[in-house]
2 protein chains.
Amino acid sequence: MGTMQLETVPEPKYWHLKTVLSEALDSEFSVGEILPNERELAARFGVARATLRQALEQLELEGRLQRRRGVGTTVAPPRVGVDVGSESGPHAWPGAPGDAWQPEDHESAPAPAAVARLLGTGRDEVHAVRRSRTTGGQQVASEVLYVPATLVPPVAEGDGAQHGSARARAVLRELHRLELGGQERTVELGSARADDARRLDRLPGAPVLVVTTRYFADGRTAAVSVATYRADTCRLSFGDADAVSLMAS
Amino acid sequence: MGTMQLETVPEPKYWHLKTVLSEALDSEFSVGEILPNERELAARFGVARATLRQALEQLELEGRLQRRRGVGTTVAPPRVGVDVGSESGPHAWPGAPGDAWQPEDHESAPAPAAVARLLGTGRDEVHAVRRSRTTGGQQVASEVLYVPATLVPPVAEGDGAQHGSARARAVLRELHRLELGGQERTVELGSARADDARRLDRLPGAPVLVVTTRYFADGRTAAVSVATYRADTCRLSFGDADAVSLMAS
DNA sequence: TAGTGGTCTAGACCACGTG
DNA sequence: ACGTGGTCTAGACCACTAT
């Protein structure tokens with residue numbers, strides 16, 4: 001048989017399309033520029049809109065594109081590096097000076113079962129402090145910090161009109177009275193629940209990087225935080241402060 | 001107008017489907033169990049197959065399901081925690097004792113432009129060491145370590161038949177002669193290129209967690225590694241060794 | 001060869017942001 | 001009101017795996 005197969009692995013259309021678009025983005029478009037709409041792009045490449053969308057979805061996942069309903073598809077800026085680790089060497093409690101997070105509210109919703117298990121408490125016996133993190137005016141992450149009520153007694157409920165943000169700060173203050181023994185972080189891929197999606201200005205199900213941190217004190221887990229970062233726009237950075245400052249010289 | 005709107009936000013079908021399926025997975029299925037095929041599931045829920053697939057894709061992204069062409073859809077085991085190194089503990093060169101990675105090959109492909117920029121060398125003036133990482137018999141990550149050729153001179157090329165794995169080890173040995181000044185890690189979401197996808201037993205475009213590490217020595221970047229972890233099965237862990245051992249007591 | 005998930009099509013309608 | 005991306009349908013065919 002003279003039918004040289006030549007590794008004829010038929011590449012999916014959307015995959016090839018993604019490559020073509022990606023190269024076009026590098027050479028012919030600049031950040032913030034708006035692309036032709038999906039119907040026109042599909043026609044131009046001679047594919048169905050669904051196929052074109054498969055390629056766009058991948059590019060958005062990789063942080064190359066940004067799509068907004070009612071507006072259009074734009075070329076995304078490079079991902080921003082957000083520092084997650086090494087709050088300058090030694091670990092520190094959330095809310096310590098230099099912390100990039102801003103306390104927002106004190107919530108009453110019960111903790112997820114997985115968090116309660118880590119803390120060794122009931123799902124309702126916790127403080128839940130909501131915090132947010134912004135970079136360049138854009139919110140990039142949303143966090144809930146869970147602290148057992150046994151460690152930090154109920155805060156100034158009697159103050160009446162004290163609003164959520166103040167109660168949140170009070171819990172953090174109480175937390176700082178403990179000595180931090182260490183911490184452990186995990187990072188995994190998740191999809192935004194409805195409430196986080198709204199906060200991060202994304203649709204439900206948008207890909208997020210979930211950073212879970214356990215804070216240790218007195219030989220037990222004293223707090224657990226679950227932070228949700230926009231996966232499309234963020235690059236999490238676990239910097240070694242010493243090394244970085246060394247490089248600056 | 002008496003038309004109480006009642007927050008009538010019509011939840012997308014696939015989103016509701018995902019919730020229903022997720023609960024069913026918790027209560028009615030066990031790990032490794034095989035689900036009915038997509039056509040039957042779609043019929044059972046009264047939706048088009050594409051809609052059902054949208055829900056399954058999300059669940060796979062979250063590590064709840066595993067789908068294999070020609071086989072079926074199975075319930076995935078919980079994500080495995082893979083240790084990626086402690087933020088605060090002593091840093092170590094790749095290939096140091098206790099390293100979870102296995103050297104595989106010495107590659108000749110040029111480094112990506114972004115890596116060459118970090119190293120401050122030309123794209124061809126580097127060693128590229130391919131390594132792999134397995135957990136429980138399953139490959140979970142694939143890595144390429146780039147080292148400037150100026151730091152580690154060309155290795156035993158004259159040895160002729162010396163195979164890639166040995167050359168890879170030789171480069172690592174040379175690297176260990178330098179004193180490690182520090183390191184910096186970043187984590188971001190990516191999609192698997194064709195070669196990585198094959199190695200990780202996934203389809204091209206599968207979601208991966210990309211861990212980029214810069215190793216510093218002599219006040220410069222002495223090496224850069226780009227590791228690609230399966231995002232569906234992995235939970236990256238940045239453990240604080242001290243704290244964890246403290247908890248064991 | 002049979003059955004699975006993966007790709008692709010050509011439509012339709014909806015929700016949202018902007019003018 | 002209009003144009004955008006988001007959702008959904010009902011099909012078809014393909015690539016892969018197991019038998």
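Coordinates for the structure precede this section.
Conventions adopted
- Residues numbered from 1 in each chain as written.
- Chains lettered and ligands numbered in written order.
- Predicted model: local features only at pLDDT ≥ 70, side-chain atom pairs only at ≥ 80, totals over all residues.
- Heavy atoms only, no water.
- Helix = DSSP H or I, 4+ residues; strand = E, 2+ residues; numbered from the N terminus.
- Buried < 20%, exposed > 50% of the residue type's maximum accessible area, 1.4 Å probe, protein only.
- Polar contact = N/O pair within 3.5 Å; in protein donor to acceptor, adjacent residues only side chain to side chain.
- Pairing = 2+ DSSP bridges.
- Axes fitted to C-alpha atoms, helices over the stretch in contact; angles between N-to-C directions.
- Contact = heavy atoms within 4.5 Å.
- Near = heavy atom within 4 Å.
- Nonpolar A, V, L, I, M, F, W, Y, C, P; charged D, E, K, R; others polar.

> Tell me what's going on with the side chain of Arg185 of chain A, and back it up with residues and numbers.
All names here are of chain A. Examined against the element boundaries, Arg185 turns out to sit in strand β7 (residues 182-191). For Arg185, a relative accessible area of 4% gives the class buried. Polar contacts involving the side chain of Arg185 include one to the side chain of Thr213, which spans 3.1 Å.

> Pulling in residues and values, what's your account of the sheet that holds strand β10 (residues 234-238) of chain B?
What the eight strands build is an open sheet, ordered β4(A)-β5(A)-β6(A)-β9(A)-β8(A)-β7(A)-β10(B)-β3(B); its pairing is mixed. Strands at the two margins of the open sheet, each flanked by one partner only, are β4 (102-107) of chain A together with β3 (80-83) of chain B. On average, each strand axis in the sheet is tilted by 25° relative to the strand beside it, whichever way the strands run. In this fold helix α5 (residues 164-175) of chain A packs onto β4, β5 (126-135), β6 (138-148) and β9 (220-230) of chain A, with an angle of close to 100° to the strand it touches most, β4 of chain A.

> Mind laying out the protein's contact with DNA strand D, listing which residues take part and the relevant values?
Within the structure, DNA strand D sits among 27 residues, and Asn37, Arg49 and Arg53 of chain A together with Lys13 and Thr51 of chain B are positioned closest to it. Expressed as a percentage, the sugar and phosphate content of the atoms of DNA strand D within 4 Å of the protein is 69%. Contact distances for DNA strand D include 2.4 Å between a phosphate oxygen and a side-chain N or O atom of Thr51 of chain B. At the level of secondary structure, the elements contributing two or more residues to the surface near DNA strand D comprise α2 (38-45), α3 (49-61), β1 (65-68) and β2 (72-75) of chain A together with α1 (13-28) and α3 (49-61) of chain B. A per-element tally of the surface near DNA strand D places α3 of chain B first, with four residues. Of the residues in the surface near DNA strand D, the class split is nine nonpolar, seven polar and eleven charged.

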